[in-house]
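Chain and residue survey
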Amino acid sequence: MELGNQTINTEFILIGFSQNFQICYFLFVVFFFIYILTMLWNGFLICTVIISPQLHTPMYYFLCNLSFLDLCYSSCTVPKLLFDVLSKERRISVIMCLTQMEIGLILGGIECILLAVMAYDRYIAICYPLYYTVIMSWRLCRHITIISWFGSIIFSSFPTIVQPLVFCKENQLNHFFCEILLLLEVACGDVSFYKITISAIGFFTLLAPPVFIVGSYIGIIISILKIHSSQGRSKAFSTCASHLTVVMMFFGTSMTMYIGQSRSFSPYLKYVSLVYMVITPVLNPLIYSLRNKDVKEAFKKILTR
């Protein structure tokens, strides 16, 4: 097909990380090990929350949702990455590339909202424990889940529905998956609509949630400092520290990728993508399970059975 004097691309070539076979073999082993751990840790955490009655609370409900998102997030990119690492022809069709991009954007948007909700959940649990079951009702939890999923799907799909992308420039992508910012550089025509839309969506998903999270934790810290028991303060700080670790890793790398990227897409940013696409999904359940007494006790009960 031709658009004027330009040929429309029907597939892309993902350059990845290296063409050296020894390095590729090493990367395959590393990514495969990380992916297996991601599946095992998140799957086991989901099963633990489901079959443990003592974990049937809003906090672990959202944690279970986070693990499910991490399973989907990792599966969206890592299997294709593993195949490409040992393949000479790292091709992907435009349709599959756009699908991978959309799924990544949708799951990323949901996770941003979910992390903010988890911060609010901790704020209510620590600052208003007597009203926790009233405020964080199961009805509210279900509504938040539905709104976050449908909201992220609508906002992430809106640009491609209004103005579908057509690619007629270079078909080689210096990345390991289909990143929206990189795709805009090889798209035909004016992409200013996409850049404006991405900036607007980025404000609500990458700037507003961290501000909300910081506000929640300021209230949490003030409340913790009022606790007379040193053991109580230690337990509260430990619970909050695990969540903040995830928040800083996810939002820090995502902001580096999407905030202020008016310049050309840097090839080094694909290493930043590794953190929130590959590393964070395997660390989330590890951080929560090791630093959470209730989860560790539930683990032990399941293992002793």
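Criteria and thresholds
Residues numbered from 1 in each chain as written. Predicted model: local features only at pLDDT ≥ 70, side-chain atom pairs only at ≥ 80, totals over all residues. Heavy atoms only, no water. UniProt positions renumbered as here; feature names shortened; annotations may be inferred. Helix = DSSP H or I, 4+ residues; strand = E, 2+ residues; numbered from the N terminus. Core = buried A, V, L, I, M, F, W, Y, C linked by side-chain atoms within 4.5 Å. Buried < 20%, exposed > 50% of the residue type's maximum accessible area, 1.4 Å probe, protein only. Contact = heavy atoms within 4.5 Å. Salt bridge = Lys/Arg side-chain N within 4 Å of Asp/Glu carboxyl O. Disulfide = S-S within 2.5 Å.

Right, let's talk about the UniProt feature "transmembrane region" (unreviewed entry) in the protein for a bit. The UniProt record annotates "transmembrane region" (unreviewed entry) at residues 23–53, 103–126, 146–167, 200–225, 237–259 and 271–290. Helix makes up 77% of residues 146–167 and strand 0%, with an end-to-end C-alpha separation of 34 Å. Summarising residues 200–225: 100% helix, 0% strand, and an end-to-end C-alpha distance of 37 Å.

What follows covers the nonpolar core. Phe-12, Phe-31 and Leu-115 are the most contacted members of the largest nonpolar core, which totals 85 residues. In terms of residues, this core owes the most to one element, helix α3 (residues 94–127), which gives 16 residues. What Phe-12 contacts, discounting residues up to four positions off in sequence, is Arg-90, Arg-91, Ile-92, Val-94, Cys-97, Phe-167, Glu-170, Asn-171, Leu-173, Leu-183 and Val-186.

Attention shifts here to the pattern of salt bridges. Counted according to the given criterion, the structure contains three salt bridges. Put simply, Glu-11 and Arg-91 hold a salt bridge, and the shortest N to O gap is 2.6 Å. Of the two residues, Glu-11 sits in strand β3 (residues 11–14) while Arg-91 sits in strand β4 (residues 91–93), which places them 80 residues apart along the sequence. Taking relative accessible area as the criterion, Glu-11 reaches 30% and is therefore assigned partly exposed. Judged by relative accessible area, which is 36%, Arg-91 ranks as partly exposed. With its nearest N and O atoms 3.2 Å apart, the salt bridge here joins Lys-80 to Asp-84.

A few words now on the state of the cysteines. In total, this model carries one disulfide according to the counting rule given. At a sulfur-sulfur separation of 1.9 Å, the disulfide partner of Cys-97 is Cys-178. Across the disulfide from Cys-97 to Cys-178, rotation about the S-S bond amounts to roughly -120°, and the bridge is consequently left-handed. Placement of the pair is Cys-97 in helix α3 and Cys-178 in the loop between β5 (172–173) and α6 (180–185), with a sequence separation of 81 residues. Here Cys-72 is not cross-linked by a disulfide; its sulfur's nearest cysteine counterpart is in Cys-76, at 9.1 Å. The thiol sulfur of Cys-112 is not disulfide-bonded, and the nearest other cysteine sulfur, from Cys-76, lies at 15 Å. Judged by relative accessible area, which is 2%, Cys-112 ranks as buried.

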